[in-house]
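Coordinate analysis (summary)
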Amino acid sequence: MAILRAILGEFVGLFVDDGSLAVALLVWCAVVGAAMKLVPGLPAAGSGVALLFGCVAILLVNAGRTAKLRMGKR
Amino acid sequence: MNWLQLGPAATVAFLGAFLASFVEFVEAATIVLAVGTVRGWRSALTGTALALVVLCALVLVLGPALTQVPERALQLVVGLLLLLFGMRWLRKAILRGAGVLALHDEDAIFRSETANLRLARATARWGVDPIATVTAFKSVLLEGVEVAFIVIAVAAGGAGLLPAAASGAAVAGVLVVGLAVVVHRPLARVPENTLKFAVGVLISAFGVFWTGEGLGIAWPGQDLSLLALIVVMLAAGLAGVRIAGSAAARVAVRVEAR
């Protein structure tokens, strides 16, 4: 049972390390998806660019914030 | 169909699966080597074989189930999972590259694992030591689940990608097992953070691509746009190292000034 729990924990850990990064990425993807549904004239390439650079921005903000927090704790 | 003729998606699937699996196999090999060295090879190999049987069963059950899911939904779910998986690796590699997190040290893991295994007491049954077997089983199964996920997820996004992804993982497995047999010690000289950085870049690019396809985005140039996504992710990763490094340096200066 302990092994199963460890495997399950490891599986979740595959995708979620910093919860806020995972949530922000999922929310951004949902926002882009909703925008594509609600604004029919939205160019597909524009949605792709928004999806890509939104994810990149989330990653960079998260990395910078984590670095600050980690160094502050040392 | 020859997967080499499938274009950029197949090449990226092969490379992504190869690099990610290589890292996972190195981690599993370190533990199996520690178990074999301290408590005997019979137990280490028994645990490894049992884990491989369970892994094969998991893949055989879950693999065909995925074919029942509609393609668009599968692309979206797999894309999101790959995006979370890749960004997690890229974030960690960025923080390690910036000196915020300590680098993964296979030698240190090998030393700590062998020390723990020497302390553990257990009676062997049928010539197999239960603690050693469970340790090898757990390690191979956990790392193997990651490899299986990468192969299935990368391949699930498009028709014909499974041979490319599976070949990447298989080549990595053979390479790591061969090296482990030859050198008989942990593969500590592998530039693990560079590999993880590369995997993070490739898998994140794949994640954005399949998520977009699942949302209905028609990428310009179709599969070729994967190459542009990889370039953007690589640039973002390198910028991330600089951003995290300078943020950490600013905090360190402030802390020292107090």
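Residues numbered from 1 in each chain as written. Chains lettered and ligands numbered in written order. Predicted model: local features only at pLDDT ≥ 70, side-chain atom pairs only at ≥ 80, totals over all residues.

Let's talk about the overall build of chain A
Stated precisely, the cut-off is as follows: A run of H or I in DSSP becomes a helix once it reaches four residues, and a run of E becomes a strand once it reaches two; helices and strands are each numbered from the N terminus. With the radius of gyration taken over C-alpha atoms, the globule rule is written as 2.2 Å times the number of residues to the power 0.38. Three exposure classes are used, all based on how many other C-beta atoms lie within 10 Å of a residue's own C-beta (placed from the backbone): buried at 20 or more, exposed at 12 or fewer, and partly exposed between those limits.
Looking only at helices and strands, one finds three helices and zero strands in chain A. Reading chain A from its N end, one meets helices and strands in the order α-α-α. Its C-alpha atoms give chain A a radius of gyration of 17 Å, more than 25% over the compact-globule value 11 Å for 74 residues. Along the first, second and third principal axes, the C-alpha set of chain A runs to 50 × 35 × 15 Å. Per-residue burial for chain A yields a buried fraction of 23% across its 74 residues.

What to know about the overall build of chain B
Heads up, the rule is: For the purpose of contact definition, each residue receives a C-beta atom placed from its backbone, and two residues are in contact when these atoms lie within 7 Å.
Regarding its fold elements, chain B presents eight helices and zero strands. Each principal axis of the C-alpha distribution contributes one length, and for chain B these read about 60 × 60 × 30 Å. In chain B, which comprises 258 residues, the share counted as buried stands at 51%. Expressed as a percentage of contacts within chain B between residues at least 6 apart in sequence, the contacts between residues at least 24 apart total 87%.

Comments concerning the interface of chain A and chain B
By convention, interface size is frequently given as the accessible area that disappears when the constituent parts associate. Heads up, the condition is: Note that Gly is not counted as nonpolar here; it falls among the polar residues with everything else outside the nonpolar set of Ala, Val, Leu, Ile, Met, Phe, Trp, Tyr, Cys and Pro and the charged set of Asp, Glu, Lys and Arg.
On the side of chain B, 40 residues touch chain A, which itself brings 37 residues to the contact. Those elements giving two or more residues to the side of chain A that touches chain B turn out to be α1 (2-15), α2 (19-38) and α3 (44-73) of chain A. Broken down by element, the side of chain A that touches chain B gets its largest block of residues, 19 residues, from α3(A). Looking at the side of chain A that touches chain B residue by residue, the class counts come to 25 nonpolar, seven polar and five charged.

Re helix α7 (residues 192-215) of chain B
Residues and elements named next belong to chain B. For clarity, the threshold we go by: Take the residue count of a helix, subtract one, and multiply by 1.5 Å to get its expected span.
The end-to-end C-alpha distance of α7 is 34 Å, a good match for the 34 Å that 24 residues give at a rise of 1.5 Å each. Among the 24 residues in α7, 21 count as buried, and that is most of the element. Positive backbone phi, at 100°, marks G216, one or two positions downstream of α7.

As for the environment of L101(B)
Residues and elements named next belong to chain B. In this fold, L101 is placed in the loop between α3 (71-97) and α4 (106-119). When the 18 C-beta atoms within 10 Å are taken as the criterion, L101 is described as partly exposed. Those residues in contact with L101 that sit more than four places away from it in its chain are K92, L95 and R96.

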